[in-house]
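Residue-level structure breakdown
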Amino acid sequence: MTDAGEALSRVVGEDWGRLIALLVSRYRRVDLAEDALADAVEAAARTWPEQGVPDNPAAWLNTTAQRRLLDRLRSEGTWQRTVERLTTDSPTTAPGADTMANLPDVDDDLLRLVMMCAHPALALEAAAALSLRLVLGVSTADIARLFLVSEPTMAARITRAKKKIVTAGIGFDVPASDDLPGRLETVAQVGYLAFTAGYAPGSGPDVVRTELSGEAIRLVETVLGLRPGEPVLVALLALMLLQHSRRDARVDADGQLVLLADQDRTRWHHDEIVRARHLIDDLDTTDELPALAASNLVQALIAWEHASAPTAADTAWPRIVRHYDTLLRIAPSPAAALARAVAVAEADGPLAGLKALEGIELVGHRLESVRAELLTRAERWDEAELAFVRAIEACDNDAERSHLERRLTEMRARA
Amino acid sequence: MKRYLFLIAATPVDWTSFTPEQQAEFMTQHAQFENHLTTHGRLVSTAPLAGAEAATTIRHRDDQLVVSDGPFAETAEVISGYYDAELPDLDSAIAAAALLPHGYAVEIRPAIPTPTPDDQVPEDQAQA
């Protein structure tokens with residue numbers, strides 16, 4: 001890459017969100033800010049290689065994007081009104097290129113942008129896409145890939161979300177202190193949704209989608225940079241780091257998913273595991289945290305038990321069962337009850353696990369798959385056969401169905 | 001300022017079945033809501049509405065006017081009243097609606113500013 005290309009991708013990577021935040025802060029037109037900045041980046045790609053990289057690349061982009069945005073406002077005929085408003089309102093940030101000389105000054109605007117993108121009046125999926133696009137500058141094509149939709153569908157979703165912000169009057173503000181904890185929880189939910197999207201089963205393992213989950217980690221790190229120590233975000237970051245640390249071991253050379261117990265643990269990112277442990281150690285205990293933070297923390301503790309076991313056989317299953325008991329107390333869900341039953345089976349054997357399955361109601365194939373595996377281990381072949389068949393019928397994902405069919409064949413060979 | 005219509009959906013109840021305390025609480029909650037509106041913006045108009053049995057819905061189907069008895073959707077909750085108000089932003093509108101009696105579902109709909117002869121350029125387009 002040329003020097004100009006490198007300088008441009010660096011400033012876009014580091015300052016995209018701040019540049020968008022500055023534009024929105026000044027003109028209150030989130031629907032125009034993104035296009036204006038994209039135009040400015042395009043202009044930079046064209047002119048910097050010839051004319052040289054400007055001394056302050058971010059300021060150059062800011063000035064150019066502002067010009068583009070003003071052109072759009074002029075052509076809309078709202079220019080005069082905007083000028084009147086700008087002269088009567090006190091803008092949150094003094095305009096001008098000198099602002100960009102010291103980007104940290106824009107942190108408040110960046111937090112306003114985060115809060116606007118992750119507003120509870122937006123659907124979570126739309127908020128997640130919008131946050132990745134506006135706060136981090138992830139391309140629409142990459143966001144579409146992450147969420148397994150076509151690029152035009154994702155572009156339309158992002159446009160709709162921006163229109164709703166403008167039409168419904170979602171403000172560009174840091175919420176009042178009473179509302180802030182709830183709003184940070186929405187940010188956490190948005191971040192986790194974007195993260196899990198990369199791990200959701202698609203047509204097959206897609207390493208790029210997994211890498212894109214890392215952008216959700218960057219989003220939460222960005223917000224934590226603005227609100228250091230927020231427990232709900234710290235716990236979430238620890239959870240995401242632990243899950244993400246296994247990314248390279250999840251898929252084998254043939255592209256098949258590798259179960260946790262069979263993964264090559266030397267391929268886990270141990271630096272990320274250590275970092276997650278430090279984050280966990282800095283948090284209060286679950287009893288002292290609000291529900292969502294506590295639930296994220298317990299899930300991080302469970303992930304830590306797996307991450308810190310030298311081999312699958314060394315996993316401290318009784319401790320994991322106790323963590324699931326805590327999780328079910330804080331945030332009861334059939335999925336957590338099912339995961340607890342699996343842990344119980346590992347700790348106390350398949351019969352105890354089957355007993356723990358009693359009373360769980362869950363649509364989809366997962367409950368029956370777990371039951372089938374436990375019945376196989378208990379050598380109750382006829383019941384296992386029935387459970388496998390029910391699980392296969394209920395499974396709507398090709399990769400997981402072929403896995404179940406393989407397991408059924410293996411079970412029949414043993415029976 | 002943006003203009004919002006608060007559509008209140010509630011299960012029809014017999015007001016006389018409320019205890020005096022319940023009636024007082026209900027009135028207080030509406031008063032707190034209206035107080036939020038006047039503190040942070042402006043109440044344009046409001047009214048309770050007659051029940052869904054008095055509703056008439058019109059639609060056009062194949063270019064023919066179809067007038068039918070009843071509300072848009074048959075659900076347990078019906079639109080039972082509205083507030084039309086100006087407030088700074090959606091967060092303020094949500095904060096106001098949260099003050100209303102908790103049995104309500106409140107749909108907040110931004111009004112689209114339309115130009116009047118005195119005001120050729122809609123103000124909110126510049127502000128949005």
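In the block above lies the structure referred to throughout.
Let me sum up the structure you'll find in this document. Keep in mind that this is a model prediction, so the values were computed, not measured. (Residues numbered from 1 in each chain as written. Chains lettered and ligands numbered in written order. Predicted model: local features only at pLDDT ≥ 70, side-chain atom pairs only at ≥ 80, totals over all residues.)

**Digging into the pairing of strand β3 (residues 56–61) of chain B**
All names here are of chain B. Among the 6 residues in β3, 0 count as buried, and that is only a small part of the element. Of the strand pairs in this sheet, β3 and strand β4 (residues 64–69) are connected by 6 bridges, and their pairing is antiparallel. The partner of Arg-59 across the bridge, within β4, is Val-66. Joining the antiparallel neighbours β3 and β4 is a turn of 2 residues, in which Asp-62 adopts a positive phi near 50°. (Buried ≥ 20, exposed ≤ 12 C-beta atoms within 10 Å, placed from the backbone. Helix = DSSP H or I, 4+ residues; strand = E, 2+ residues; numbered from the N terminus. Pairing = 2+ DSSP bridges.)

**Let's talk about helix α9 (residues 180–197) of chain A**
For the α-helix, the turn length of 3.6 residues means that residues three or four positions removed from each other point alike. Residue and element names in this part refer to chain A. Taking 1.5 Å per residue as the helical rise, α9 with its 18 residues ought to reach 26 Å, and the 26 Å between its terminal C-alpha atoms agrees with that figure. Buried residues of α9: Leu-184, Glu-185, Thr-186, Val-187, Ala-188, Val-190, Gly-191, Tyr-192, Ala-194, Phe-195 and Ala-197, and no others. The elements touched by buried residues of α9 are α5 (107–117), α6 (124–136), α7 (140–146), α10 (207–226), α11 (231–244) and α13 (291–308). (Expected span 1.5 Å × (residues − 1). Contact = placed C-beta atoms within 7 Å.)

**A look at the environment of Tyr-192 of chain A**
Residue and element names in this part refer to chain A. Along the chain, Tyr-192 turns up in helix α9. On the basis of neighbour count, Tyr-192 is assigned to the buried category, with 20 C-beta atoms found within 10 Å. For the pair Tyr-192 and Ser-333, spaced 141 residues apart in the sequence, the C-alpha separation amounts to 17 Å.

**Considerations on the sheet that holds strand β1 (residues 2–10) of chain B**
Picture the strands of a sheet paired through backbone hydrogen bonds; they go either parallel or antiparallel. All names here are of chain B. With respect to topology, 4 strands assemble into an open sheet ordered β2-β5-β1-β6, the strand pairing being antiparallel. Pairing within the sheet leaves two strands with one partner each, and these edge strands are β2 (42–48) and β6 (105–110). Geometrically, the sheet is characterised by an average inter-axis angle of 20° between neighbouring strands, direction not taken into account. Pairing geometry for β2 and strand β5 (residues 78–87), over 6 bridges, is antiparallel. Residue pairing in the sheet places Pro-48 in a bridge with Gly-81 of β5. (Axes fitted to C-alpha atoms, helices over the stretch in contact; angles between N-to-C directions.)

**A look at the environment of Val-114 of chain A**
Residues and elements named next belong to chain A. Within the secondary structure, Val-114 sits in helix α5. Classification of Val-114 by C-beta neighbours within 10 Å gives buried; the count is 26. Residues Val-114 and Ser-131 lie 17 residues apart in sequence; the distance between their C-alpha atoms is 6.7 Å. Among residues more than four places away in sequence, those in contact with Val-114 are Ser-131, Val-135, Val-187 and Val-223.

**As for helix α1 (residues 20–40) of chain B**
Residue and element names in this part refer to chain B. With 21 residues, α1 should cover 30 Å at 1.5 Å per step; its first-to-last C-alpha distance of 30 Å lies within 8% of that length. For α1, the full list of buried residues reads Phe-33, His-36 and Leu-37. Seen along its axis, α1 keeps its buried residues to an arc of 100°; they face one direction. Seen from the open side of α1, the exposed residues pointing more than 90 degrees away from its buried face are Pro-20, Glu-21, Gln-23, Ala-24, Met-27, Thr-28, Ala-31, Thr-38 and Thr-39. Contacts from the buried residues of α1 go to β2, β5 and α2 (90–97). (Arc of directions from axis to C-beta.)

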